[in-house]
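Read off the chains here:
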Amino acid sequence: MLELFHHGSSVCAAKVRLALGEKRLEWKGHYIDILKGEQFDPEYMKRNPKAVVPTLVHDGYTIVESTVICEYLDEIFPEPPLKPADARGRAEMRLWTKAVDELLHPMCAEITFASSHRHTIARLGPDGLAKFLASTPPISVTPEWHERKKVIVTEGFKAPRIERAFKLYDGFLAKMEGQLQQSPWLAGDTMSLADIAMTPYVTRLDMLSMSEMWTAQRPRVTDWFERIKARPAYQPALRDWCPPDLTNDLRTFGAQSWPEVKRLLAA
Ligand SMILES: N[C@@H](CCC(=O)N[C@@H](CS)C(=O)NCC(=O)O)C(=O)O
């Protein structure tokens, strides 16, 4: 049996849901509301000491780290394959998944909290918010996340170095545009874990009403995203799990943030 501990707006959890969906696998979900602090439950942290989602449990075996989970699923359930057939293709694929984990993901957390999540978690009230921020373990999304989350929640777009996050994100879209000139998918002729890794991050910008970051000047990314969205696994994995009020927060607060984001990108 496959069990997934996940959350509706988590990019890493969406990545795993998409891999499960592409493989048409049945799974049982355990919803962890990371904007209410459910990830800090000591019982959950026994499975995932960084207090992050996702966590997969397969026949009693617990596995963390979304990219490792996706590779594991592709080995255990090889059809349809989500890795290129040749070693070079797999190397290209892993360069994408590594860059997503090391660079894009920490910046995605920053832009999401600066643009939207900080308004959502403000509803916890002053005491609830203080408890939420204090509960993040010393090593979480990144080794700096405990402090960085506090700064971004408090200062929003005035947080030091916040422009770095948006510029790095923009750089990933530029890199995608370049790659998609060479091949239909990010690591060659077939859709792979590279595309699955990038899908939640492009979707995040879309949900934040920031799709102009590619629709205005990146036709190949636009076309790639249309092809991704047309896949049957997309809607259930990426959109349906996000509760309507959270979808609404992302859209509304994101749209309010967009003029500031545009200014940071142009500076
Ligand atoms: N490297 C981890 C990162 C997981 C991660 O950062 N998850 C985020 C949601 S996408 C989370 O649970 N954040 C909880 C928090 O910010 O307290 C993975 O790929 O699974």
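Data block above holds the structure.
Residues numbered from 1 in each chain as written. Predicted model: local features only at pLDDT ≥ 70, side-chain atom pairs only at ≥ 80, totals over all residues. Heavy atoms only, no water.

Peer 1: Can you explain empty space enclosed by the protein? Please cite residues and give values.
Peer 2: Remark: the empty space left among the atoms is shown by a probe the size of a water molecule rolled over them. Under the counting rule described, the total for this entry stands at two cavities of 30 Å³ or more. The computed volume of the largest cavity comes to approximately 80 Å³. As for the largest cavity, its lining consists of Gly8, Ser9, Ser10, Val11, Ala14, Arg17, Pro200, Thr203, Arg204, Met207, Leu238 and Leu250. Of all the secondary structure elements, the ones that give two or more residues to the lining of the largest cavity are α1 (11-22) and α8 (193-207). Ranked by residues supplied to the lining of the largest cavity, first place goes to α8 with four residues. Residues of the lining of the largest cavity, tallied by class, amount to six nonpolar, four polar and two charged. (1 Å grid on protein atoms, 1.4 Å probe; cavity = no way out; pocket = protein on both sides within 12 Å on 5 of 7 lines; lining within 4 Å. Points joined across faces, edges and corners; volume = space filled by probe spheres on them. Helix = DSSP H or I, 4+ residues; strand = E, 2+ residues; numbered from the N terminus. Nonpolar A, V, L, I, M, F, W, Y, C, P; charged D, E, K, R; others polar.)

Peer 1: Account for the layout of surface pockets, with residues named and values stated.
Peer 2: Space inside the largest pocket adds up to approximately 630 Å³. Considering the residues around the largest pocket, the lining is formed by 33 residues, among which Cys12, Val52, Val53, His105 and Val141 are closest to the centre. When contributions to the lining of the largest pocket are tallied by element, the ones reaching two or more residues are α1, α4 (87-122) and α6 (145-155). Ranked by residue count, the leading element in the lining of the largest pocket is α4, at nine residues. Each of domain 1 (2-76) and domain 2 (87-266) gives at least three residues to the lining of the largest pocket. The volume enclosed by the second largest pocket comes to roughly 270 Å³. Forming the walls of the second largest pocket are 13 residues, and the residues nearest its centre are Asp33, Leu35, Lys36, Thr120 and Asp245. (Domains from an automatic or database assignment.)

Peer 1: With reference to specific residues and values, describe the site of the ligand.
Peer 2: Surrounding the ligand, one finds 16 residues, the nearest of these being Gln39, Val53, Glu65, Ser66 and His105. At 2.6 Å, a side-chain N or O of Glu65 approaches a nitrogen atom of the ligand. Contact between the ligand and Lys149: an oxygen atom at 2.9 Å from a side-chain N or O atom of the residue. Taken by itself the ligand offers 520 Å² of open surface, and the protein chains cover 92% of this. Its atoms largely coinciding with the cavity grid, the ligand occupies the largest pocket. Of all elements in the fold, only α1 and α6 reach the threshold of two or more residues within the shell around the ligand. Partitioning the shell around the ligand into residue classes produces ten nonpolar, four polar and two charged. No fewer than three residues from each of domain 1 (2-76) and domain 2 (87-266) sit in the shell around the ligand. (Near = heavy atom within 4 Å. Polar contact = N/O pair within 3.5 Å; in protein donor to acceptor, adjacent residues only side chain to side chain. Areas by Shrake-Rupley, 256 points an atom, 1.4 Å probe, with all protein chains shown as cover. Sits in = over half its atoms within 2 Å of the grid points.)

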